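# What the coordinates show
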Amino acid sequence: RNGEAGLIVITEDTANSVKQNAKALGMDLESYEKKGLITIVEQKVFGGKIISMEAPISIIRKKKVKRIVLDSLNIFEYIYKAGSDDYKRGLLQFIWDIKEAGITFLAVTDRATTSLDTFHYKPEDSLFEGIIILTKIRKGSSFERCLHVAKMRGQEHALDIYPFSIGQGGITVYPKEIPFSLVDHE
């Protein structure tokens, strides 16, 4: 919308699937792609190919990308051994380069967390400016999507848990509502 180039790097899905899912939510990624404002790169982590960040970095430089979405951060586990010093160094170098270039970077990752009360930080979490947790909370036979800003470096932020929905136009957060799953009904 701002006329700034963006890059979507996908490791665990296909470009067509991402475009179709976005379209179902009323977002036409293909029109941005045709205008050259969004580039979608598939980084398949199978098939015996050596995976690296060279192709995305080349696109970032060539197209002067200002926004990057990485789905998912697991790509660094395929490039470097997870938990190794090389893994954290490689991720740190990538984030450092992104910050130096003034690029907004959003990475998706999975967590095996059973509740927001027992969230465990990974060592690489310290490298990021912010951490936003999207989860489902159960109350009885119902689930509710909830969002929590666990970290946002250099600025005040609310520590509450907010319900959100995914629908036409993307994500809608309801900051003035309490998740029904957290309301005591006595």
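Residues numbered from 1 in each chain as written. Predicted model: local features only at pLDDT ≥ 70, side-chain atom pairs only at ≥ 80, totals over all residues. Heavy atoms only, no water.

Quick look at the nonpolar core now. In terms of nonpolar packing, the biggest core is built from 22 residues, with Leu7, Ile60, Ile68, Phe76, Leu91 and Phe105 touching the most fellow members. Contributing elements (two or more residues each) for this core: β1 (6–10), α3 (54–63), β3 (67–71), α4 (75–79) and α5 (85–100). Ranked by residues supplied to this core, first place goes to α5 with five residues. When near neighbours in sequence (up to four residues on either side) are disregarded, Ile68 contacts Leu7, Ile60, Ile98, Ile103, Thr104, Phe105 and Leu106. (Core = buried A, V, L, I, M, F, W, Y, C linked by side-chain atoms within 4.5 Å. Buried < 20%, exposed > 50% of the residue type's maximum accessible area, 1.4 Å probe, protein only. Helix = DSSP H or I, 4+ residues; strand = E, 2+ residues; numbered from the N terminus. Contact = heavy atoms within 4.5 Å.)

The four strands are arranged β5-β6-β7-β8 in an open sheet whose pairing can be described as antiparallel. For this open sheet the edge positions go to β5 (130–139) and β8 (170–173), each flanked by a neighbour on one side alone. Each neighbouring strand pair of the sheet contributes to a mean axis angle of 40°, computed without reference to strand direction. Two strands pair when backbone bridges link them, and strand β7 (residues 161–167) and β8 are joined in this way by four bridges, in the antiparallel orientation. Residue pairing across strands places Ile166 opposite Ile171, the latter belonging to β8. (Pairing = 2+ DSSP bridges. Axes fitted to C-alpha atoms, helices over the stretch in contact; angles between N-to-C directions.)

Its location among the elements puts Val108 in strand β4 (residues 104–108). The exposure class of Val108 is partly exposed, given its relative accessible area of 34%. Along the sequence, Val108 and Leu73 sit 35 residues apart, while their C-alpha atoms lie 5.9 Å from each other. Residues contacting Val108, with those up to four places away along its chain left out, are Leu70, Asp71, Ser72 and Leu73.

Chain-level pLDDT for the protein is 84 on average; 88% of the residues reach the 70-or-more range. Of all the helices and strands in the protein, α4 carries the lowest mean pLDDT, 81, while β1 carries the highest, 93. (pLDDT = per-residue confidence, 0-100.)

Once that is clear, we can look at the packing of aromatic side chains. Taken as a whole and judged by the stated rule, the model has three aromatic pairs. Where Phe76 meets Phe94, the ring centres are 5.6 Å apart and the plane angle is 55°; that geometry is what we call tilted. Of this pair, Phe76 sits in helix α4 while Phe94 sits in helix α5, and the two are 18 residues apart along the sequence. Across this residue pair, the class does not change: Phe76 and Phe94 are buried. Plain terms: the ring middles of Phe94 and Phe105 are 5.4 Å apart, the flat faces sit at 75° to each other, and that makes the pair edge-to-face. Of this pair, Phe94 sits in helix α5 while Phe105 sits in strand β4, and the two are 11 residues apart along the sequence. (Phe/Tyr/Trp six-rings, centres within 6.5 Å; stacked < 30°, edge-to-face > 60°.)

This next bit is on the environment of Leu127. Take Leu127: it is sitting in the loop between β4 and β5. Along the sequence, Leu127 and Lys88 sit 39 residues apart, while their C-alpha atoms lie 8.9 Å from each other. Residues within four places of Leu127 in sequence aside, it is in contact with Lys88, Leu91, Leu92, Ile95, Lys99 and Arg153.

We now examine a negative patch on the surface. Residues Glu12, Asp13, Glu77 and Asp110 make up a contiguous surface patch of negative charge. By the element assignment, Asp13 lies in the loop between β1 and α1 (15–24). Here Asp13 falls in the partly exposed class, since its relative accessible area comes to 32%. (Patch = residues over 30% accessible without salt bridge, like charges linked within 9 Å, V, L, I, M, F, W, Y side chains within 5 Å. Areas by Shrake-Rupley, 256 points an atom, 1.4 Å probe, with all protein chains shown as cover. Salt bridge = Lys/Arg side-chain N within 4 Å of Asp/Glu carboxyl O. Lys, Arg positive; Asp, Glu negative; His and termini not counted. Charge placed at Lys NZ, Arg CZ, Asp CG, Glu CD.)

Helix length check: α5, at 16 residues, gives a terminal C-alpha distance of 22 Å against a target of 22 Å (1.5 Å per residue), a fit within 8%. Just beyond α5, the residue with positive phi is Gly102, at close to 70°. (Expected span 1.5 Å × (residues − 1).)

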